[in-house]
Amino acid sequence: MLGLLGSNGAGKSTTMNILCGVLSQTEGTVHIDGIDLRKHPEEAKTRIGFLPQNAPLHLDLTVREYLTYCAHLRSINKRNIKTAVNAAMEKCGVAHFRSRVINNLSGGYRQRVGIAQSIIHQPKLVVLDEPTNGLDPNQILEVRKLIKEIATERAVIFSSHILSEVQATCDEIRMIEGGRMVFADTMTAFNNYILPNSLLVYMDNPPPVKTLAAIQGINAIEQLTDGGIRMHFDTSTKVSAKIIVMAVTNNWQLTEIMLEKSSLDEIFVQLSNKTAEPLS
Amino acid sequence: MTKILKIARLELSILFYSPVAWLVLAIFMVQAGTGFFGMLSSFQELFMMGEKADNLTRMLFPGINGLFDKVLQTLYLYIPLLTMGLISRELSSGSIKLLLSSPVKITEIILGKYLTMLYYALMLIAILGIYSLIGVVIKDSLLYKSMMDRSRARYYNRANDPGAAFNDTISAVLGNYNFRRTGPSLKKLDMVNLDRVFSIYKERFANAANMAFVFTGNIDVKAAKPLFEKYLGSLPSTSTTEKPRDLVIDPPVGKISKTIIKGKEAKATVVMVYSGKYDFNNQNNIVFDALQENLNIRLIETLRERDGSVYSPRVDFNLVKEPAQRFSLTIQFGCDPANAEKLIASAQEEVRRLSAEGPQEENIAKWKAEWRRQRELDLRENGWWLNYIIRQLQSVADVKECNEDAKIVDAVDTSAVKKAAKQYLLNGNLIKFTLMPEAH
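Keep in mind it's a predicted model, so treat the numbers as computed, not measured.

Cut-offs applied
Residues numbered from 1 in each chain as written. Chains lettered and ligands numbered in written order. Predicted model: local features only at pLDDT ≥ 70, side-chain atom pairs only at ≥ 80, totals over all residues. Heavy atoms only, no water. Helix = DSSP H or I, 4+ residues; strand = E, 2+ residues; numbered from the N terminus. Rg over C-alpha atoms; globule rule 2.2 N^0.38 Å. Buried < 20%, exposed > 50% of the residue type's maximum accessible area, 1.4 Å probe, protein only. Contact = heavy atoms within 4.5 Å. Areas by Shrake-Rupley, 256 points an atom, 1.4 Å probe, with all protein chains shown as cover. Pairing = 2+ DSSP bridges. Axes fitted to C-alpha atoms, helices over the stretch in contact; angles between N-to-C directions. UniProt positions renumbered as here; feature names shortened; annotations may be inferred. 1 Å grid on protein atoms, 1.4 Å probe; cavity = no way out; pocket = protein on both sides within 12 Å on 5 of 7 lines; lining within 4 Å. Points joined across faces, edges and corners; volume = space filled by probe spheres on them. Nonpolar A, V, L, I, M, F, W, Y, C, P; charged D, E, K, R; others polar. Salt bridge = Lys/Arg side-chain N within 4 Å of Asp/Glu carboxyl O. Domains from an automatic or database assignment. Parallel < 35°, antiparallel > 145°, perpendicular 65-115°, else oblique. Left-handed = near helix turned anticlockwise from the far one by under 90°. Buried area = accessible area lost by both parts, 1.4 Å probe. Phe/Tyr/Trp six-rings, centres within 6.5 Å; stacked < 30°, edge-to-face > 60°. Patch = residues over 30% accessible without salt bridge, like charges linked within 9 Å, V, L, I, M, F, W, Y side chains within 5 Å. Expected span 1.5 Å × (residues − 1). Polar contact = N/O pair within 3.5 Å; in protein donor to acceptor, adjacent residues only side chain to side chain.

**Focus: the overall build of chain A**
Then comes step 1: Across its full length, chain A carries 11 helices and 12 strands.
Then comes step 2: Rg of the C-alpha trace for chain A: 24 Å, well past the compact-globule value of 19 Å for 280 residues, more than 25% over.
Then comes step 3: Relative to its 280 residues, chain A shows a buried fraction of 46%.
Then comes step 4: Residue pairs at least 24 apart in sequence account for 66% of intrachain contacts in chain A once pairs closer than 6 positions are excluded.
Then comes step 5: Roughly 13,800 Å² of accessible area belongs to chain A as shown, and the carbon and sulfur atoms make up 50% of that amount.

As structure tokens, this is what we get:
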């Protein structure tokens, strides 16, 4: 499961559209399972399932009608269509709505139908473009769970502009910004990369800055207010525990301590400044 | 291919989920309907004014200014209304991505959408098909009245037309004044009843059981047979067989003479009818043909060339097998009214001489040569075969009979013709009709 991360307008949807043959690229090639998409579009496309940002639903059809139509489009053998449709409905949890017109489904269920459409032909690769966009928190959780399930059987490329979502679901991460790839590694590497490296500490009776700077592992100190101090530390040591112990013993009257996580925007800014390798 | 069909089917159902398709159908129906019924009423007016229309169906439907033509002129309004959304709707809803990311060729998408429009156009044509149902027979009392009025006007003057009056008299006398054989009249016209006309029509066309269909020509029987079975076999029929009734309308016996004085033209018309019982068979029929030809030659020689006052004498004959076997032979000529009596006597004299002396040898030879030449030409004609086969079927005779004809013709000699003349023309039955001008 690969997460495609990027802020709005970074080129996530464009990338995915190109990947699925909806848009035609100006340069470079797309290979799906070793097949050149441009040279053998039909063969390549049977191996992809695509859910665009707005699910490509026909609102006037019932769930079953719609999925049957998709099954026909995806070159599923005539005899297997019924089973494929039922399997996809079961998998995505819309089987009990099979005879309902899509227009009458809630957003979460529409999205499920959209996902069902993308896996109906058992593709090797499923491309999901912001599948949780516009859903309420409960629905987001359910859809995420569904995507995770799908990822156990086939490769999933999943895009989002929400970092936590990608962190929660993906194994691999690709980050793009302005049409360029700025980060490409496993999720673990990414987590390490963005691990918090500063502490925000508020104390009523702060010691001199020097005392704090002397603590092992602290790299730099910033005095924000009278009692508010930002401490940059080195990832290897357990700095926060040390500070709490020292604060108690020295009566610094600690009121608040928090790890500062980098925001996605900051990471983007950081990453785009650091690496500028072209999108492959 | 299946993908094209699936795309077309989806598109069609989407089309009908929206009101546009229904609306267009409805508007089209109303528009075609007003056009069609406007056309019908204008045709009705034309009929009432006495115009005739051959092939009304062609004029109503595929002809210039017919229904199809009319529809074509308005179709350009509807078609864009339907086609404009075919692709753009997909683009705006984003469902185009479903098609583009599926293993479907662009050609298939386009053909699918095109097929949808073809279906839809077919539906429009089906609506037009409804109007063709109007083509079933309907009692149109207005049209009927106008037809009757026209007939009335025609019969009103019939009694004043010398030719028509003469023909009506001949028909009435020969038919023994049977109602069916007297000429048309205003009185008869008043007896016609539309309901009865309609019921006769329905009765006659409801049953194909007693119909025989004859096809002649270079026909591949194997290929044609299923077509006959399909189209003729599907005609409505009941199992009843229908037998003709003999109404016994025979010409009167004995000698009858009728003179009709009518018209101003200084010309007389004479019709002499010999008739009687007959033994209907191929041999006799051919001899009768020889008799007619020989009498014809004689009359031309005497009446036209010797007496020189006849335009052209004509000898016709009619042999019937059903309902009773009978013959009739008619001599007909036009002449100066002053000569009529003299020429009738000459003609009768020729008939008597033919019966007494028999025909001349050379005339028989002439007839034989002419018969052979004609037959040779006839055998090449589908029309001749068609008539021949129908005649044989109607008289329940062998269809291969014509093979014997040449042999029979060869055997005909002067004595056979002489005997026939005596037997048929001197049996005492002769009805003479003379049409004389009023001034005479």
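**Considerations on the pairing of strand E9 (residues 198-203) of chain A**
For a regular strand, side-chain orientation follows a simple rule: the groups alternate between the two sheet faces.
All names here are of chain A.
Then comes step 1: Of all the six residues making up E9, five are buried; the element is thus mostly covered by neighbouring parts of the structure.
Then comes step 2: Where E9 lies against strand E12 (residues 254-260), six bridges are found, and the strand directions are antiparallel. Pairing of Met203 across the sheet is with Leu254, part of E12.
Then comes step 3: Two elements, E9 and strand E11 (residues 228-233), share five bridges in a ladder whose sense is antiparallel. Directly across from Tyr202, in E11, lies its bridge partner Gly228.

**Some points on the pairing of strand E10 (residues 218-223) of chain A**
All names here are of chain A.
Then comes step 1: Where E10 meets E11, five bridges bridge the pair, whose relative direction is antiparallel. Bridge assignment links Gln223 to a residue of E11, and that residue is Ile229.
Then comes step 2: Taken together, E10 and the strand that follows it, E11, pair antiparallel across an intervening segment of four residues.

**A few points about the sheet that holds strand E8 (residues 180-186) of chain A**
All names here are of chain A.
Then comes step 1: Pairing in this open sheet of six strands is mixed, and the strands run E4-E5-E6-E1-E7-E8 from one edge to the other. Whereas interior strands pair on both sides, the edge strands pair on one side only; in this sheet they are strand E4 (48-51) and E8. For this sheet the average axis-to-axis angle between neighbouring strands, irrespective of direction, equals 15 degrees.
Then comes step 2: Taken together, the six bridges between strand E7 (residues 172-177) and E8 define a ladder with antiparallel strand orientation. Considered in E8, the bridge of Met175 is made with Phe183.
Then comes step 3: Strands E4 and strand E5 (125-129) of the sheet are contacted by helix H5 (residues 107-119), whose axis makes an angle of about 165 degrees with E4.

**Some remarks on the UniProt feature "transmembrane region" (unreviewed entry) in chain B**
Then comes step 1: UniProt's entry tags residues 20-40 and 117-138 of chain B with the feature "transmembrane region" (unreviewed entry), counted in the numbering of this structure.
Then comes step 2: Its end C-alpha atoms 30 Å apart, residues 20-40 of chain B is made of 100% helix and 0% strand.

**Things to note about the layout of surface pockets**
All names here are of chain B.
Then comes step 1: When its volume is computed, the largest pocket comes out at roughly 1,500 Å³.
Then comes step 2: Considering the residues around the largest pocket, the lining is formed by 39 residues, among which Phe280, Ile390, Arg391, Gln392 and Ser395 are closest to the centre.
Then comes step 3: For the lining of the largest pocket, the elements supplying multiple residues, two or more each, are helix H13 (282-306), strand E3 (314-320), helix H15 (361-378) and helix H16 (382-394).
Then comes step 4: When residues of the lining of the largest pocket are assigned to their parent elements, the largest contribution, seven residues, is made by H16.
Then comes step 5: Classifying every residue of the lining of the largest pocket gives 17 nonpolar, nine polar and 13 charged.

**Here we look at the pattern of salt bridges**
Residues and elements named next belong to chain B.
Then comes step 1: Throughout the structure, instances matching the rule amount to 30 salt bridges over all chains.
Then comes step 2: Its salt-bridge partner being Glu11, residue Lys113 comes within 2.7 Å of it at the nearest N-O pair. One end of the pair, Lys113, is in helix H7 (residues 106-132); the other, Glu11, is in helix H1 (residues 2-17), with 102 residues separating them in the sequence. Grouping residues by exposure puts Lys113 and Glu11 together as buried.
Then comes step 3: Asp149 is the salt-bridge partner of Arg152, the closest N and O atoms lying 3.3 Å from each other. With Arg152 and Asp149 both in helix H8 (residues 141-156) and three residues apart, the pair spans about one turn of that helix.
Then comes step 4: When salt bridges that share partners are traced, they join Glu11, Arg89, Glu90 and Lys113 into one network.

**Regarding the domain arrangement of chain A**
Then comes step 1: Structurally, chain A comprises domain 1 (2-192) and domain 2 (196-261).
Then comes step 2: For domain 1 of chain A and domain 2 of chain A, the distance between their C-alpha centroids amounts to 45 Å.

**A closer look at the packing of H15(B) against helix H17 (residues 402-411) of chain B**
Residue and element names in this part refer to chain B.
Then comes step 1: At a minimum axis separation of 10 Å, H15 and H17 run at an interaxial angle of 165 degrees. Compared by their axis directions, H15 and H17 come out roughly antiparallel. H15 and H17 meet at a crossing whose hand is left-handed. Counted together, Trp367, Lys368, Trp371, Arg372 and Arg375 of H15 and Cys402, Asp405, Ala406, Val409 and Asp410 of H17 form the full contact between these two elements.

**What to know about the sheet that holds E9(A)**
Residue and element names in this part refer to chain A.
Then comes step 1: Pairing is antiparallel in the open sheet, where four strands are placed in the order E10-E11-E9-E12. Each end of this open sheet is capped by a strand with a single partner; those strands are E10 and E12. Here the strands of the sheet are splayed against their neighbours by 20 degrees on average, with no regard to which way each runs.
Then comes step 2: The strands touched by helix H10 (residues 239-249) are E9, E10, E11 and E12; relative to E12, the strand with the most contacts, the crossing angle is about 175 degrees.

**Thoughts on the domain arrangement of chain B**
Residues and elements named next belong to chain B.
Then comes step 1: Partitioning chain B into domains gives domain 1 (2-135), domain 2 (144-231) and domain 3 (255-374 + 402-436).
Then comes step 2: Taken over C-alpha atoms, the centre of domain 2 sits 30 Å from the centre of domain 3.
Then comes step 3: Across the boundary between the two partners, domain 2 contributes nine residues, which contact 11 residues of domain 3.
Then comes step 4: Overall, the association of domain 2 and domain 3 removes approximately 890 Å² of surface from exposure, summing both partners, and the carbon and sulfur fraction of that is 88%.

**A word on the interface of chain A and chain B**
Then comes step 1: Each side of the interface is counted separately: chain A has 24 residues, and chain B has 20 residues.
Then comes step 2: Both faces combined, the contact of chain A with chain B buries some 2,100 Å², and carbon together with sulfur accounts for 66% of it.
Then comes step 3: Among the residues of chain A in contact with chain B, A:Glu42, A:Tyr69 and A:Leu73 are the three that bury the most area, contributing 28% of the side total.
Then comes step 4: Between chain A and chain B we count one salt bridge in total.
Then comes step 5: Salt-bridge contacts for A:Glu42 lead to B:Lys105; the nearest nitrogen and oxygen are separated by 3.6 Å.

**Concerning the packing of aromatic side chains**
Then comes step 1: One pass over the structure, following the stated rule, counts 17 aromatic pairs over all chains.
Then comes step 2: An angle of 85 degrees between the planes, with centres 4.9 Å apart, marks the rings of A:Phe97 and A:Tyr109 as edge-to-face. Within this pair, whereas A:Phe97 is found in the loop between helix H4 (81-92) and H5, its partner A:Tyr109 is found in helix H5, the two being separated by 12 residues in sequence.
Then comes step 3: We classify A:Phe97 as buried; its relative accessible area is 16%.
Then comes step 4: The exposure class of A:Tyr109 is partly exposed, given its relative accessible area of 26%.
Then comes step 5: Taken together, a centroid distance of 5.5 Å and an interplanar angle of 55 degrees make the contact between B:Tyr278 and B:Tyr424 tilted. With B:Tyr278 in the loop between strand E2 (268-277) and H13 and B:Tyr424 in helix H18 (residues 414-425), the pair connects residues that are 146 residues apart, well separated along the chain. Side by side, B:Tyr278 and B:Tyr424 carry an identical accessibility label, which is buried.
Then comes step 6: Connected via pairs of aromatic rings, a cluster forms that spans B:Tyr278, B:Phe280, B:Phe288, B:Phe317, B:Phe327 and B:Tyr424.

**As for a nonpolar patch on the surface**
Then comes step 1: Together, B:Met211, B:Phe213, B:Phe215, B:Ile219, B:Val221, B:Leu227, B:Phe228, B:Tyr231 and B:Leu235 make up an exposed nonpolar region whose accessible area comes to about 840 Å².
Then comes step 2: Tracing the sequence through the fold places B:Leu227 in helix H12 (residues 221-231).

**Remarks on H13(B)**
Residue and element names in this part refer to chain B.
Then comes step 1: Between its first and last C-alpha atoms H13 spans 35 Å; for 25 residues at 1.5 Å apiece the expected length is 36 Å, and the two agree.
Then comes step 2: Where H13 starts, the residue carrying a side-chain oxygen 3.2 Å from the main-chain nitrogen of Gln283 turns out to be Asn281.
Then comes step 3: Phi for Gly308, located one or two positions after H13, is positive at around 65 degrees.

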